[in-house]
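Each chain, written out:
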Number of protein chains: 2
Amino acid sequence: VKKISIRFFVALIIGMSVIMSVNAQNQDSVQIRKFFEEEFNRGKSYPYLDYLCHDIGHRLSGSKQAEKAVQWTYQTMKNEGFDSVWLQEVKVPRWERGKKETAFIFDGDRKMPVKICALGGSIATSQNGIKAKVIEVNGIEELKKLDPEKVKGNIIFYNKQFDKQAMSAGHAYGGTVEQRSRGAIEASRLGAIGIVLRSLTHSLDTFPHTGAMNYNDSITKIPACAISTVHAEMLSTILKRNPDAKFYFQQNCKKFDDAISYNVIGEIKGSEKPDEIIIVGGHLDSWDLGQGAHDDGTGSVQCMEVLRLFKTCGIRPKRTIRTVLFMNEENGLRGGLKYAELSALNNEKHIAAIETDAGGFMPRFFGVSVDGKILDKISTWQPLLEPYGIQKITNGGGGADIGPLKKQGTVLIGFHPDSQRYFDYHHTDADTFDKVNKRELQFGVVTIAGLLYLLSEYGL
Amino acid sequence: VKKISIRFFVALIIGMSVIMSVNAQNQDSVQIRKFFEEEFNRGKSYPYLDYLCHDIGHRLSGSKQAEKAVQWTYQTMKNEGFDSVWLQEVKVPRWERGKKETAFIFDGDRKMPVKICALGGSIATSQNGIKAKVIEVNGIEELKKLDPEKVKGNIIFYNKQFDKQAMSAGHAYGGTVEQRSRGAIEASRLGAIGIVLRSLTHSLDTFPHTGAMNYNDSITKIPACAISTVHAEMLSTILKRNPDAKFYFQQNCKKFDDAISYNVIGEIKGSEKPDEIIIVGGHLDSWDLGQGAHDDGTGSVQCMEVLRLFKTCGIRPKRTIRTVLFMNEENGLRGGLKYAELSALNNEKHIAAIETDAGGFMPRFFGVSVDGKILDKISTWQPLLEPYGIQKITNGGGGADIGPLKKQGTVLIGFHPDSQRYFDYHHTDADTFDKVNKRELQFGVVTIAGLLYLLSEYGL
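Residues numbered from 1 in each chain as written. Chains lettered and ligands numbered in written order. Predicted model: local features only at pLDDT ≥ 70, side-chain atom pairs only at ≥ 80, totals over all residues. Heavy atoms only, no water.

1. Some details on the overall build of chain A
Keep this limit in mind: To qualify as a helix, a DSSP run of H or I must reach at least 4 residues; to qualify as a strand, a run of E must reach at least 2; elements of each kind are numbered from the N terminus. C-alpha atoms define the radius of gyration in this analysis, and the globule rule sets the expected value at 2.2 Å times the number of residues to the power 0.38. Burial classes: relative accessible area under 20% of the type maximum marks a residue as buried, over 50% as exposed, and values in between as partly exposed (1.4 Å probe, protein chains only). Residue contacts follow a heavy-atom distance rule, with two residues in contact if any of their heavy atoms lie within 4.5 Å. The Shrake-Rupley method, run with a 1.4 Å probe, gives the accessible areas here. Residue values count only the displayed protein chains as cover.
Scanning chain A from N- to C-terminus turns up 14 helices and 16 strands. Its C-alpha radius of gyration of 25 Å places chain A within 12% of the 23 Å reference for a compact globule of 460 residues. Projected onto its principal axes, the C-alpha coordinates of chain A cover approximately 100 × 50 × 40 Å. Scored against the burial criterion, the 460 residues of chain A give a buried share of 57%. At a minimum sequence separation of 6, the contacts of chain A that also span at least 24 residues come to 82%. With an accessible surface of roughly 18,600 Å², chain A has 53% of that area assigned to carbon and sulfur atoms.

Okay, here's the thing in structure tokens:
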């Protein structure tokens, strides 16, 4: 009798926990559904993005538009009535493209204009531009094998392509971006006078893609530009036939002293554990081409909108939730570094950070910087987010801006929408509002708000 | 001793079957990877689509372009060297839009032009057009409650919107399409002289969306057009203020006698069970606006391409695989009906049919018309397709063209790419080649080829 009653008791406990857990999941599902209904019926993410793209436009760190974006997002979050909204001062690099670039291929008697743009941070050429023979290389490894005599006085043409077999476009980017970031240094080391980079995209089109590049103070600085993929193909074809073809480019960019700018932060205080902070972040700055729509206007407005959803739906989080619009992700990461520095200084406890900087496309998964029990715990929430597009929670994740929080033990989470179209627009004149599908953007908002809600309810 | 040896033997058998099953999955994964590598390095789906969109263009049943599309796809599959390629004669309806439509809203003294298009199958107005007061209704149910005296002599404006809360855009379409298909019949029954339909899309833009509509021979036929969503909003706003505002439209469409056209079919014979047939189908016809890119150029080229992948990768299927490019899905379904009719007549055994007619977007899932053991079997293949985008296999699926095979017991399978953008382009001038992302199209090809391969290897 005793044995049976113990068994019965155990079964009862198990049964009750199952019921309670199912009830909790139902409750959670109802709360997340509230976010969905608010977003799809009266959501502000799309009108926010409209304003950011059309009324402000692109917003490179230190520019007037970046300043305007800071003021507007600050005021907008103030108006939404979050518990606190504040600016966090950051010194940012300031670089300007100046007058539009020009470039030509000289193939014997023929002179063909091609589309280029200066890489971000590059020096200018002289007023007269530079003109030289072109040495094509398939990435930095191939460059390093060249005889310096062959390189000297010439222009290096980095033509390593995106890997067609990379499943995620981000991986293809990762496999080629070194040409952009270190290409000028390595080419100059061998005596080159400039570099031209095949634009970093799968797409075959006429948009040159800019992006950050670096110099090394002990090596001569040489001008660097990107050429559209269509014109990279043209240049490569010509060089196969005529290795003496020449490339000319002229650009007018300039670096200025650091400027003062800001991270913009909004917060709703936790009702039970206010000291446990969870942030959602995107970056407010963009490159100076297009409108910075997918990179990272969409992430910025998603972050503002998720806090608004909590407020409007009357959901008071148990832990503190905070939106951080980082400044200067594109060419310095000063905002991300400053945020982590001040957080450490103030002894803040960030239990988790979510970053959305992969475009406003349809959600597919969240990547998490931990495995084991914490990953298991987060994974049990996947069914709650699946209706809105999240098919899995995977190990491995984070983002540039939240990266510096890692040493404080914060769990880093990357939001991953479908990746295939991101690099069609990335850092180009094509990254404009019309490339964003309203509903895809909204589904992203709902999944991020949902995960934020679950983190704030249950902690880690 | 005897007991132990039996246990050992059982364990051995179980162990071996697990190993064999894992090996089979590995083998399958290698074969599907071959499709992927061929498609992403040397694939023809995108150039096929380029030709279909730019060299042929839209291709309404019975049109010269539809005939050209038949000849080109037939010749292309011939050139690829499939085992058999043939045409299957189908009589199709023939309807032409004629000279472009015009429409105006008359609001007191103001006359505002708006964008419309005739619905497919509609009659023309007179040369002078029709002009009348407008009665706005939120769908057919609301219309039926109206006093016929109020409707008589007026134009019915169907303004029921896509449900913003529908997760899949297809469900939103399903909830409103009745206005288009039966709207003219129901309005005429109450004495209306014409209908104007809010375009069937979530998107707020200036593209009117055409699509099939029906008449009933015992009820007066009245002209029917679609108005862009932007102008539907404008019309609705004006009517709230001025219920006496008038709508004018003029259109010139015409129905002709049925024309002769064809389903285009390509086949690779099965090596072990040639009598078990598996088809993949899309429809070759389109509406007469745009280029019929996503609807259903993408599906058509995917179907041609999957057979080419088998051939090029040297994979001989165990069962017979067949591509069917159906004619006349848009306004009659004659191709789908004819195919099933001849299949029954010839005692063909179709074990499964896959349809791709939901756009060339990133794959998300396959929907299957069966549950129980067969669904379980197909579901075990999901991990093999997941790298290419298939996150699940669900119960419930099929497609218009393969639907008529259902009564022969064929398992029907719908390919479901992400649905959010499909109705941004559907049946409009915006459905053009540039709206298709090459890699998204290619991922679709690989998942369909993969499923076709597994079906041909293992049957059902």
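2. Quick word on the packing of helix 2 (residues 45-56) of chain A against helix 3 (residues 64-80) of chain A
Residues and elements named next belong to chain A. What counts is decided by this rule: Throughout, an axis means a line fitted to C-alpha atoms (over the contacting stretch in the case of helices), and angles, computed between N-to-C directions, take values from 0 to 180 degrees. Each angle gets one of four labels, with under 35 degrees taken as roughly parallel, over 145 as roughly antiparallel, 65 to 115 as roughly perpendicular, and the rest as oblique. Here a crossing is taken to be left-handed if its near helix is turned anticlockwise relative to the far helix by less than a right angle, and right-handed if that turn runs clockwise. Amino acids are sorted into nonpolar (Ala, Val, Leu, Ile, Met, Phe, Trp, Tyr, Cys and Pro), charged (Asp, Glu, Lys and Arg) and polar (every other residue, Gly among them).
Contact geometry of helix 2 with helix 3 gives a least axis separation of 11 Å together with a crossing angle of 150°. Looking at the two axes, helix 2 sits roughly antiparallel to helix 3. Judged by the sense of rotation from one axis to the other, the crossing of helix 2 with helix 3 is right-handed. On helix 3, the residues touching Y48, Y51, L52, D55 and I56 of helix 2 are Q65, K68, A69, W72, T76 and E80. In terms of residue class, the contact of helix 2 with helix 3 is built from six nonpolar, two polar and three charged.

3. A closer look at the interface of chain A and chain B
Basically, it comes down to this: Put simply, buried area is how much 1.4 Å-probe accessible surface two parts lose in total, over both of them, once they are put together. The working definition used for a salt bridge is a side-chain nitrogen of Lys or Arg within 4 Å of a carboxyl oxygen of Asp or Glu. N or O atoms within 3.5 Å of each other form a polar contact, as long as, within protein, one can give a hydrogen and the other can take it, and as long as residues adjacent in sequence are counted only when both atoms are side-chain atoms.
Tallying the contact residues gives 28 residues for chain A and 28 residues for chain B. In this assembly, chain A packs against chain B so that about 2,500 Å² is buried in total across both faces, 43% of it on carbon and sulfur atoms. Among the residues chain A hides against chain B, the three largest losses belong to A:Q165, A:M167 and A:R439. Together they make up 27% of the total. Across the contact surface, chain A and chain B share four salt bridges. In this assembly, chain A and chain B are joined by 20 residue pairs in polar contact (both at pLDDT 80 or more). For the side of chain A that touches chain B, the secondary structure elements donating two or more residues are helix 1 (2-42), strand 14 (363-368) and helix 14 (438-458) of chain A. Of all the elements, helix 1 of chain A adds the most residues to the side of chain A that touches chain B, at five residues. Across the side of chain A that touches chain B, the residue classes tally to nine nonpolar, seven polar and twelve charged.

4. Looking at the relation of the copies chain A and chain B
As a reminder, the rule being used: Alignment of copies: least-squares fit on C-alpha atoms of residues with pLDDT of at least 70 in both copies.
Screw-axis analysis of chain A against chain B gives a translation of 0.0 Å along the axis, an RMSD of 0.1 Å, and a rotation angle of 180°. The operation mapping one copy onto its partner corresponds to a two-fold rotation axis. The position closest to the rotation axis in chain A is occupied by the C-alpha of A:Q391, lying 3.3 Å away. Interface overlap between copies: 100% of the residues of chain A at the interface are likewise at the interface in chain B, consistent with a symmetric, same-surface contact.

5. Focus on the packing of aromatic side chains
The line we're drawing: Between rings of Phe, Tyr and Trp, where Trp is taken as its six-membered ring, a pair exists when centres lie within 6.5 Å; planes separated by under 30 degrees are stacked, by over 60 edge-to-face, and by other angles tilted. Put simply, a charge is over a ring when the Lys NZ or the Arg CZ is close to the ring centre, within 6 Å, and near the line of the ring normal, within 35 degrees.
Counted under the stated rule, the structure contains 40 aromatic pairs over all chains. Judged by centre distance (6.3 Å) and plane angle (55°), the ring pair of B:F104 and B:F106 falls under tilted. Aromatic pair B:F104 and B:Y248: ring centres 6.0 Å apart, planes at 40°, arrangement tilted. One end of the pair, B:F104, is in strand 2 (residues 102-107); the other, B:Y248, is in strand 9 (residues 246-250), and 144 residues separate them in sequence. By relative accessible area, which is 16% here, B:Y248 ends up buried. Within the aromatic cluster, the residues linked to one another by ring pairs are A:F162, A:Y173, A:F361, A:Y422 and A:F423. Positioned above the aromatic ring of A:F104 is the side chain of A:K111, whose terminal nitrogen or guanidinium carbon lies 4.3 Å from the ring centre. The ring of B:F256 carries B:R94 above its face, with NZ or CZ at 4.2 Å from the centroid.

6. A closer look at the packing of helix 2 of chain A against helix 14 of chain A
Viewed as axis vectors pointing N to C, helix 2 of chain A and helix 14 of chain A meet at an angle of 115°, and their least axial separation amounts to 9 Å. Residue-level inspection shows A:S45, A:Y46 and A:L49 of helix 2 of chain A in contact with helix 14 of chain A, the latter providing A:K438, A:L441, A:Q442 and A:V445.

7. A word on the sheet that holds strand 1 (residues 84-96) of chain B
Residues and elements named next belong to chain B. Stated precisely, the cut-off is as follows: Note: two strands are recorded as paired if DSSP finds a minimum of 2 bridges between them.
Strand order in the open sheet formed by eight strands is 1-10-12-11-13-16-14-15, with mixed pairing between adjacent strands. Edge strands, defined here as strands with exactly one partner in the open sheet, are strand 1 and strand 15 (392-395). Pairs of neighbouring strands in the sheet enclose a mean axial angle of 20°, with direction left out of account. Of the strands in this sheet, strand 1, strand 10 (254-268), strand 11 (273-283), strand 12 (319-326) and strand 13 (349-355) touch helix 10 (residues 334-345), which is tilted by about 140° from strand 1. In the packing of helix 11 (residues 372-379) onto the sheet, the strands contacted are strand 14 (363-368) and strand 15, and the crossing angle to strand 15 comes to about 165°.

8. Overview of the confidence of the model for chain A
Low pLDDT means the predicted atomic positions in that stretch should not be read closely. Put simply, the rule is: The predictor rates its confidence in each residue with pLDDT, a number between 0 and 100.
Mean pLDDT over chain A works out to 96, with 99% of the residues at or above the 70 mark. This prediction of the complex comes with two scores: 0.93 for pTM and 0.91 for ipTM.

9. Remarks on the sheet that holds strand 6 (residues 155-158) of chain B
Within a sheet, neighbouring strands are paired by backbone hydrogen bonds and run either parallel or antiparallel to one another. Residues and elements named next belong to chain B. Pairing in this open sheet of eight strands is mixed, and the strands run 3-2-9-5-6-7-8-4 from one edge to the other. Each end of this open sheet is capped by a strand with a single partner; those strands are strand 3 (110-113) and strand 4 (116-118). Strand-to-strand twist in this sheet, taken as the mean axis angle between neighbours without regard to direction, amounts to 30°. Contacting strand 6, strand 7 (194-198) and strand 8 (224-227), helix 7 (residues 177-189) runs over the sheet at an angle of about 155° to strand 7. Relative to strand 2, helix 8 (residues 229-241) is tilted by about 25°, and along the sheet it contacts strand 2, strand 3, strand 5 (130-137), strand 6, strand 7, strand 8 and strand 9.

10. So, a nonpolar patch on the surface
The test is simple: Two joining distances apply to patches: 9 Å for like charges and 5 Å for nonpolar side chains (Val, Leu, Ile, Met, Phe, Trp, Tyr), and every residue must have over 30% relative accessible area and no salt bridge.
Taken together, the side chains of A:F8, A:F9, A:L12, A:I13, A:M16 and A:M20 present a nonpolar region at the surface, about 640 Å² in accessible area. By the element assignment, A:F9 lies in helix 1.

11. A closer look at the side chain of A:E186
Residues and elements named next belong to chain A. For E186, the location among the structural elements is in helix 7 (residues 177-189). Judged by its relative accessible area of 7%, E186 falls in the buried class. If we skip the residues at most four places from it in the chain, E186 touches I140, L143, K144 and Y158.

12. Some points on the pattern of salt bridges
Counting across every chain of the model gives 60 salt bridges over all chains. One salt bridge in this structure joins A:E38 and A:R308, with 3.3 Å as the shortest N-O distance. With a gap of 270 residues between them, A:E38 in helix 1 and A:R308 in helix 9 (residues 293-312) connect regions that are remote in the sequence. The residue A:E386 makes a salt bridge to B:K392 at a minimum N-O spacing of 3.2 Å. With one member in each of two chains, A:E386 in the loop between helix 12 (382-385) and strand 15 (392-395) and B:K392 in strand 15 form a pair that bridges those chains. Of the residues examined, A:E386 reaches a relative accessible area of 28% and is grouped as partly exposed. Given the relative accessible area of 28%, B:K392 is considered partly exposed.

13. Considering unusual backbone geometry
Residue and element names in this part refer to chain A. The peptide bond linking D295 to D296 adopts the cis configuration, its omega dihedral lying at 0°. Its place among the elements puts D296 in helix 9. In the Ramachandran plot, N347 falls in the positive-phi region, its phi being about 55° despite a non-glycine side chain.

14. Some points on helix 14 of chain A
All names here are of chain A. Definition in use: One less than the number of residues in a helix, times 1.5 Å, gives the span that helix is expected to have.
Relative to the 30 Å expected for 21 residues at 1.5 Å per residue, helix 14 spans 31 Å between its end C-alpha atoms, a close match to the ideal helical length. The element helix 14 is extensively covered by neighbouring structure, given that 19 of its 21 residues are classed as buried. One side-chain oxygen of the residue at the start of helix 14 lies 3.0 Å from the amide nitrogen of R439, identifying that residue as N437. Two residues or fewer past helix 14, G459 is found with a positive phi of approximately 65°.

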